[in-house]
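Each chain is listed here by its residues.
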Amino acid sequence: MGRMDDEQSAVDPTVAATAEAIATMEIRGAATIADAAAEALATQADHTAARSPAAFRDQLRTAARELYETRPTAVSLPNALRYVLRGMSGDTVTELQASTIARAEEFRTELEQAQDQLGRVGANRLRDGDVVMTHCHSTDALACIEAAIDAGTEVEAIVKETRPRKQGHITARQLREWGVPVTLIVDNAARRYLDGTDHVLVGADSIAADGSVINKIGTSGLAVNARERGVPVMVAAQTIKLHPDTMTGHTVAIEMRDEREVLTEAERADVTGDAPEEGLAVENPSFDVTPPRYVDAIVTERGQFPPESIVTLMRELFGETTREPWEP
Ligand code: RUB
């Protein structure tokens, strides 16, 4: 490749920065990741050095691949990339730039509107005085509480801290900003507090065709306990969380993250003491799968669904084809 070709195919530094921020979880949560990825593609289109339509398309696909490879579980990421790349059209670089930027903007606006709409649907499930237990930090789940508050419904929250990254703190902060009384608990205390809980409310990174919910590690245990205590489990998930590949038998990849999120190097030295290092394994799965029988409702911007019927919506929205986002 000559220097000119290199320049033309170079991915903008903003894309690399966004990819890095997603990988390190500075940007996190399925909807936020999707939004940032769409924005990064728009920036790539805007800053392009490509002189030919072919080089432009190539560059956008490379950028999409770089973003895609950051985290494997939230399907909102490839769904967002696919959506933007499908809108890339035109016979000149200028036309391609304009169509890509417009498509990314459209995606981001729709994402926001879907969350608002979903919030209004979810709020209908909440009654005055209800206590809601949350896990992790989900903007879709919080949208339901925000809409309930806007409608004058008073709720309280029991917020699980959510090891190892403690995203529950973000949820607690947001809820306190809205004036919601919050009780923060460690994950292990959840069952004890379920007797005083009216709803378990969580988000999703992906929803599979059989209605399984893939969300932050600990969601499935919480859902099983909630079923045992008779507490309904509500999953707030925009349709961008529907995982189209699962219609054709693929499973959702569960991200395994660095063990140091669980055990720092100093803690590890403490645990191993004088024993040999290599006998201690630490596993850090970031997500788990909650089978549909433990989920009462999946709340989307298209209404609420029993998990078993979600495949109908999936077919309607995604049709049959699912390809890698950068494939032409
Ligand atoms: C976040 C997480 C959230 C979903 C939904 O995991 O599991 O529940 O992503 O979030 P992580 P949202 O912190 O590892 O990204 O409703 O905001 O899309």
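Overview of the structure.

1. Quick look at a negative patch on the surface
Working step 1: A grouping of Glu112, Asp116, Glu146 and Asp150 is seen on the molecular surface, where their side chains present a negatively charged patch.
Working step 2: Counting only elements with at least two residues in the negative patch, the list comes to helix H6 (93-123) and helix H7 (139-150).
Working step 3: Assignment of secondary structure puts Glu146 in helix H7.

2. Considerations on the sheet that holds strand E9 (residues 297-300)
Working step 1: One open sheet holds the seven strands; their spatial order is E3-E2-E1-E4-E7-E9-E10, and the pairing between them is mixed. Only two strands of the sheet have a single neighbouring strand rather than two, namely strand E3 (182-185) and strand E10 (303-305). Ignoring which end each strand starts from, the neighbouring axes of this sheet average 25° apart.
Working step 2: Here three bridges tie E9 to E10, and the two strands are oriented antiparallel to one another. When the sheet's bridge partners are listed, Thr300 is paired in E10 with Gly303.

3. A closer look at the sheet that holds strand E8 (residues 287-290)
Across a sheet, paired strands are connected by hydrogen bonds in the backbone, their directions being either parallel or antiparallel.
Working step 1: Ordered by their spatial adjacency, three strands build an open sheet running E5-E6-E8, and the pairing between neighbours is antiparallel. The sheet is open, and its two edges are formed by strand E5 (206-207) and E8, each paired on a single side.
Working step 2: Relative to strand E6 (residues 213-216), E5 is paired through two bridges, and the arrangement is antiparallel. Bridge pairing in E6 links Ser206 to Ile214.
Working step 3: On top of the sheet, helix H10 (residues 219-229) reaches E6 and E8; it is set at about 35° to E8, its chief contact.

4. Remarks on the pairing of E6
Working step 1: Linkage of E5 to E6, two consecutive antiparallel strands, is achieved through a turn of five residues, within which Gly211 is found at a positive phi near 90°.
Working step 2: Relative to E8, E6 runs antiparallel, the two being bridged by four bridges. Bridge assignment links Ile214 to a residue of E8, and that residue is Val289.

5. With respect to the nonpolar core
Working step 1: Ranked by internal contacts, the top residues of the largest apolar core, which has 30 residues, are Leu41, Phe56, Leu67, Leu81 and Phe107.
Working step 2: Put simply, the parts of the chain that give this core at least two residues each are helix H2 (13-23), helix H3 (30-47), helix H4 (53-68), helix H5 (76-86) and H6.
Working step 3: If you tally residues by element for this core, the top one is H3, at eight residues.
Working step 4: Dropping the residues within four chain positions of it, Phe56 is found in contact with Ala45, Thr48, Ala50, Met88, Val93, Leu96, Gln97 and Thr100.

6. A look at the side chain of Thr197
Working step 1: Assignment of secondary structure puts Thr197 in the loop between helix H9 (190-194) and strand E4 (199-202).
Working step 2: Thr197 gets classed as buried once you look at its relative accessible area, which sits at 7%.
Working step 3: Of note is the side chain of Thr197, whose polar atom sits 2.8 Å from the backbone oxygen of Tyr193.
Working step 4: Each residue touching Thr197, except ones within four places of it in the same chain, is listed here: Val131, Val132, Met133, Ile158 and Val231.

7. Details of the site of the ligand
Working step 1: Close contacts around the ligand come from 19 residues, with Arg28, Ser138, Thr139, Asn215 and Lys216 the closest.
Working step 2: Between the ligand and Ala30 there is a distance of 2.8 Å, counted from an oxygen atom to a backbone nitrogen or oxygen.
Working step 3: Contact distances for the ligand include 2.8 Å between an oxygen atom and a side-chain N or O atom of Lys241.
Working step 4: Here the ligand loses 100% of its free accessible area of 460 Å² to cover by the protein chains.
Working step 5: Tallied by class, residues from the shell around the ligand come to six nonpolar, seven polar and six charged.

What counts, and where the lines are drawn
Counting restarts for each chain: residues are numbered from 1 in the order of the written sequence. Selection of residues for local features in this predicted model requires a pLDDT of at least 70, selection of side-chain atom pairs for listing and counting requires 80 or more, and totals for whole chains, interfaces and linings are taken over all residues. Side-chain descriptors were evaluated using all non-hydrogen atoms of the structure, hydrogens and water having been removed beforehand. Nonpolar side chains (Val, Leu, Ile, Met, Phe, Trp, Tyr) within 5 Å and like charges within 9 Å form the patches, drawn only from residues with over 30% relative accessible area and no salt bridge. Here the accessible surface of atoms and residues is derived via Shrake-Rupley with a 1.4 Å probe, and residues count as covered only by protein chains that are part of the display. Every case where a carboxyl oxygen of Asp or Glu lies within 4 Å of a side-chain nitrogen of Lys or Arg is listed as a salt bridge. Neither His nor the chain ends contribute to the count of charged residues, in which Lys and Arg are positive and Asp and Glu negative. Lys charges are placed at NZ, Arg charges at CZ, Asp charges at CG and Glu charges at CD. Strands here are runs of E lasting at least two residues and helices are runs of H or I lasting at least four, both read from the DSSP assignment and numbered beginning at the N terminus. Strands are treated as partners if at least two bridges between them are detected by DSSP. Angles shown run from 0 to 180 degrees and are taken between the N-to-C directions of axes, each axis being a line fitted to C-alpha atoms and, for helices, limited to the stretch in contact. We call two residues contacting when some pair of their heavy atoms lies within 4.5 Å. Remark: nonpolar core denotes a set of buried residues (Ala, Val, Leu, Ile, Met, Phe, Trp, Tyr, Cys) joined through side-chain atoms within 4.5 Å. Relative accessibility under 20% of the residue-type maximum defines a buried residue, over 50% an exposed one, and the middle range a partly exposed one, all with a 1.4 Å probe and only protein chains included. Polar contact is defined as a pair of N or O atoms within 3.5 Å, subject to the rule that within protein one atom must be able to donate a hydrogen and the other to accept it, and that residues adjacent in sequence are counted only when both atoms are side-chain atoms. Proximity is defined per residue: any heavy atom of the residue falling within 4 Å of a molecule or strand makes that residue near it. Any residue that is not Ala, Val, Leu, Ile, Met, Phe, Trp, Tyr, Cys, Pro, Asp, Glu, Lys or Arg is counted as polar, Gly included; the first ten are nonpolar and the last four charged.

Purely spatial values, then, with no claim about function.
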